[in-house]
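Coordinate inspection notes
Letter by letter, the chains look like this.
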Amino acid sequence: QLANLSGGNYFISFHRNSGMEDNLYNGVQTLIYQHNDTVDTLAENINRQLENVGFKNLGVEEVPGLIVLRKTEMPAVLVETGFINSDIDNQLFDQKFDAIVDAIVTGIEEVFHFPHNSSGTLLRADRTVQI
């Protein structure tokens, strides 16, 4: 309800996954309500960027039963940023947290075509990133 009342154009929810047993699974996965060009591209870009940081890319999965995706009125993705009960994923979080944040931001920016300068540097309010 808060997302719908916010007036936002997109909804991106960040989570940590969990497996049935410790260290059974690892990697990043993005969940969507249903496939369409915008959410597919957004989810794939975020996953690809997180894969570049070191996560295993588990892909994009359509999960229409999740209320947070089903009830959101704008295009929505739910990013499972690694498994909370995976030593591999927890080590990535401990050692590369800033790189994870940058990867997610870059994956989002690739979809929405934020402005670049003449040398191809992506312009951000707080910093620049070469892509």
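Below, the structure is looked at part by part. Bear in mind that the values here come from a model prediction, so they are computed numbers and not experimental data.

Another point: the nonpolar core. In terms of nonpolar packing, the biggest core is built from 18 residues, with Ile46, Leu50, Phe55, Val77 and Ile100 touching the most fellow members. Mapped onto this core, the elements with two or more residues apiece are strand S2 (28-32), helix H2 (37-53), strand S4 (76-83) and helix H4 (87-112). Setting aside residues up to four positions removed in sequence, valine 77 forms contacts with Phe11, Ile12, Ser13, Thr30, Leu31, Ile32, Val39, Leu42, Ala43 and Leu69. Listed in part, the 7 residues of the second largest apolar core include Leu31, Met74, Ala76 and Leu78.

Let us look at unusual backbone geometry. Phi at asparagine 23 is positive, roughly 60°, even though this residue is not glycine. Checked against the element boundaries, asparagine 23 lands in the loop between strand S1 (11-17) and S2.

Turning our eyes to something else, we now look at the pattern of salt bridges. Tallied over the full model, the rule gives 1 salt bridge. Between arginine 48 and glutamate 110 there is a salt bridge, and its shortest N-O distance comes to 2.7 Å. Of this pair, arginine 48 sits in helix H2 while glutamate 110 is found in helix H4, placing the two residues 62 residues apart along the sequence. The exposure class of arginine 48 is partly exposed, given its relative accessible area of 33%.

What counts and what doesn't
- For every chain, the first residue of its written sequence is number 1, and the numbers climb from 1 along that sequence.
- Local features in this predicted model are restricted to residues of pLDDT 70 or higher, and side-chain atom pairs are both shown and tallied only at a pLDDT of 80 or more, whereas totals for entire chains, interfaces and linings draw on every residue.
- Derived side-chain values reflect all non-hydrogen atoms in the structure, with water molecules and hydrogen atoms excluded from consideration.
- The criterion is simple. A nonpolar core is a set of buried Ala, Val, Leu, Ile, Met, Phe, Trp, Tyr and Cys residues joined through side-chain atoms within 4.5 Å.
- When a residue's accessible area, from a 1.4 Å probe over protein chains only, is under 20% of the maximum for its type it is buried; when over 50% it is exposed; and in between it is partly exposed.
- Secondary structure elements are taken from DSSP: a helix is a run of H or I of four residues or more, a strand is a run of E of two residues or more, and numbering for both begins at the N terminus.
- Contact criterion: two residues are considered in contact whenever any of their non-hydrogen atoms come within 4.5 Å of each other.
- A carboxyl oxygen of Asp or Glu within 4 Å of a side-chain nitrogen of Lys or Arg is what we treat as a salt bridge.

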